[in-house]
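Results of the structural survey
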Amino acid sequence: MKNFRELVIVCAASAALLILTIAATDTATAKSAVCQNNLRTLFGVIQQYQTDHGVLPPVIVQQKPRWQFWGNYIAPYVTDERIQACPEDPRNASMFDRNRSPLLPAPRRAADSYGMNYFLTAHYARRKGKTANLANLSKPADTILLGDCKGPYMLPERYWQEERAMRHAEETANYVFADGHIAQLGQFDLGAIGQDGVFRTDFSHWHWL
């Protein structure tokens with residue numbers, strides 16, 4: 001755990017440097033770079049959680065008085081809450097305000113900017129006779145783990161229509177896949193329009209295989 005925390009500190013420092021880049025340039029490219037660095041760090045956090053617990057953090061747990069999500073379970077591993085905030089997410093704009101006085105307390109994150117793949121749960125893994133561990137995915141390089149999202153989880157059926165989660169150039173979103181690589185993709189990278197004119201999601205990028 002000590003080595004992991006040192007790694008997170010280094011990643012957080014890298015994110016801070018990228019934030020300074022945003023302050024200087026305020027470009028979409030720089031903001032996307034911060035977002036991708038966040039996802040890379042979160043991938044490391046989830047790997048460490050999996051090492052400690054043997055399984056992925058639960059995507060969603062329906063309990064009273066409030067539901068719990070994957071972000072609640074990785075909280076002990078996160079040293080800087082900016083890791084969970086995309087600079088293109090207007091809900092967290094105050095965290096990246098270049099005109100804000102450095103003498104003021106750091107603003108709190110208003111919402112998580114990233115969602116976890118809804119289908120990477122113990123329930124769906126059991127359907128394939130597996131445990132919810134990334135090592136049990138047959139095609140980790142093709143399976144989405146986390147991505148830009150307005151909610152705590154990504155549900156493919158409504159992702160492109162209702163959530164409108166794309167915040168980056170040309171209606172794209174950043175994703176980290178189960179093998180750790182980062183991609184900036186649009187709707188038609190993850191599906192296609194059929195002959196009936198209806199968009200069909202390519203579920204091979206979402207389900208356990």
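I will try to describe carefully the structure that is included in this document. (Residues numbered from 1 in each chain as written. Predicted model: local features only at pLDDT ≥ 70, side-chain atom pairs only at ≥ 80, totals over all residues. Heavy atoms only, no water.)

**Examining the sheet that holds strand 6 (residues 173-177)**
Rule in force here: Only when DSSP finds a minimum of two bridges between them are two strands counted as paired. Secondary structure elements are taken from DSSP: a helix is a run of H or I of four residues or more, a strand is a run of E of two residues or more, and numbering for both begins at the N terminus. Contact criterion: two residues are considered in contact whenever any of their non-hydrogen atoms come within 4.5 Å of each other. Axis definition: a line fitted to C-alpha atoms, over the contacting stretch in the case of helices. Angles run 0 to 180 degrees between N-to-C directions.
Pairing within the open sheet is mixed, and its five strands lie in the order 5-3-4-6-7. Either end of the sheet is taken by a strand with one partner, and the two such strands are strand 5 (153-154) and strand 7 (182-185). Sheet topology places strand 6 next to strand 7; four bridges connect them, and they run antiparallel. Bridged to V176 within strand 7 is I182. Against the sheet, helix 2 (residues 28-53) contacts strand 3 (114-117), strand 4 (144-148), strand 6 and strand 7, and its axis sits at roughly 25° relative to strand 6.

**Describing the environment of Y153**
Test applied: Accessible area is worked out with a 1.4 Å probe on protein chains only. A residue is then buried under 20% of its type maximum, exposed over 50%, and partly exposed in between.
With respect to the element layout, Y153 can be found in strand 5. The class of Y153 is buried, set by a relative accessible area of 15%. Residues Y153 and M116 lie 37 residues apart in sequence; the distance between their C-alpha atoms is 4.5 Å. Not counting residues within four places of it along the chain, the set of residues in contact with Y153 comprises V59, I60, F69, G115, M116, Y118, R158 and E163.

**Some remarks on the packing of aromatic side chains**
As a reminder of what qualifies: Here is the rule: rings of Phe, Tyr and Trp (six-membered ring for Trp) pair when centre to centre is within 6.5 Å. Planes less than 30 degrees apart are stacked, more than 60 are edge-to-face, and the remainder are tilted.
Evaluated as defined, the whole model comprises ten aromatic pairs. Centre to centre, the rings of Y159 and Y175 are 6.3 Å apart; their planes meet at 50°, and the pair counts as tilted. With a gap of 16 residues between them, Y159 in helix 5 (residues 156-163) and Y175 in strand 6 connect regions that are remote in the sequence. An identical accessibility class is assigned to Y159 and Y175; each is buried.

**Quick notes on the pairing of strand 4**
The two faces of the sheet receive side chains in turn, since in a regular strand these alternate between them. Most of strand 4 is tucked away, with five of its five residues classed as buried. Both strand 3 and strand 4 contribute to a ladder of three bridges, which runs antiparallel. Residue pairing across strands places G115 opposite G147, the latter belonging to strand 4. Direction of pairing for strand 4 relative to strand 6: antiparallel, over a ladder of three bridges. Paired with I144 across the strands is F177, a residue of strand 6.

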